[in-house]
Amino acid sequence: MVGKKLEKLLNEQLEMEAYASSSYLAMASWCEVNGLDGSATFFYNQSDEERMHMLKLFRFINERGGHAITPSLKKPKTSFKNILELMETFLEHERSVTEAVNKLVYIAGQEKDYTSLNFLQWYISEQHEEETLARTLLDKIKLIGMQGSGLYLIDKEIGLKATPSVNNTTE
Ligand code: FEO
């Protein structure tokens, strides 16, 4: 049985993941309408992944005797100055998710909730991967630059990092 304090935090985390999914969908759309097809594919896939992160939490809360709450979300940012600003927003969001996961791990440890601690390990690894990916892509944009064919190259690079869309949300 999950404790009340942790249940509340897990529901907040679920909301953050849902917001990430919605934000990355908005990023995919911005990329698509600006002719950045590789980046659009990347963010459509990221959005799917975040929904999967949200559902994993959703089901875990209920399995532990808590009550997963469907969040109502604020509208995400839908337009960006350029791909650099968009990628900075992506990295910033991933950093805040990592902080929230760390807080959850801390509280689960304090409450000696070892089942939750074990469950949260997956999120720790996932955040490490996603933050690294966001930082790598941001570095590439800075390195290549957005002038001339730079933008074309950047879009190609980002597209290469797109993972296949996640359809299995019940793992
Ligand atoms: Fe699931 Fe990237 O936060």
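Description of the structure in this document. (Residues numbered from 1 in each chain as written. Predicted model: local features only at pLDDT ≥ 70, side-chain atom pairs only at ≥ 80, totals over all residues. Heavy atoms only, no water.)

1. Some words on the pattern of salt bridges
Opposite charge on two side chains allows them to pair when their charged atoms are near. One pass over the full model with this rule turns up six salt bridges. In this structure, the salt-bridge partner of K77 is E85, at a minimum N-O distance of 3.5 Å. Look at E85 and you get partly exposed, because its relative accessible area is 22%. The residue K140 makes a salt bridge to E157 at a minimum N-O spacing of 3.6 Å. Residue K140 is found in helix α4 (residues 114-144), and its partner E157 is found in helix α5 (residues 150-160); the two are separated by 17 residues along the sequence. Using a relative accessible area of 27% as the deciding quantity, one classes E157 as partly exposed. (Salt bridge = Lys/Arg side-chain N within 4 Å of Asp/Glu carboxyl O. Buried < 20%, exposed > 50% of the residue type's maximum accessible area, 1.4 Å probe, protein only. Helix = DSSP H or I, 4+ residues; strand = E, 2+ residues; numbered from the N terminus.)

2. Regarding the packing of aromatic side chains
Summed over all chains, the structure comprises nine aromatic pairs. Ring centres 5.9 Å apart and planes at 85° place the aromatic pair F42 and F90 in the edge-to-face group. With F42 in helix α2 (residues 37-63) and F90 in helix α3 (residues 83-110), this pair connects stretches of sequence that are 48 residues apart. Comparing F42 with F90, the two get one shared label, buried. On the basis of an interplanar angle of 50° and a centroid distance of 5.5 Å, the ring pair of F119 and Y123 is categorised as tilted. Taken as a pair, F119 and Y123 lie in helix α4 at a separation of four residues, close to a single helical turn. These aromatic residues form a ring-pair network of at least three members: Y24, F42, F43 and F90. Against the face of Y19 rests K74, its NZ or CZ located 4.6 Å from the ring centre. (Phe/Tyr/Trp six-rings, centres within 6.5 Å; stacked < 30°, edge-to-face > 60°. Lys NZ or Arg CZ within 6 Å of the ring centre and 35° of its normal.)

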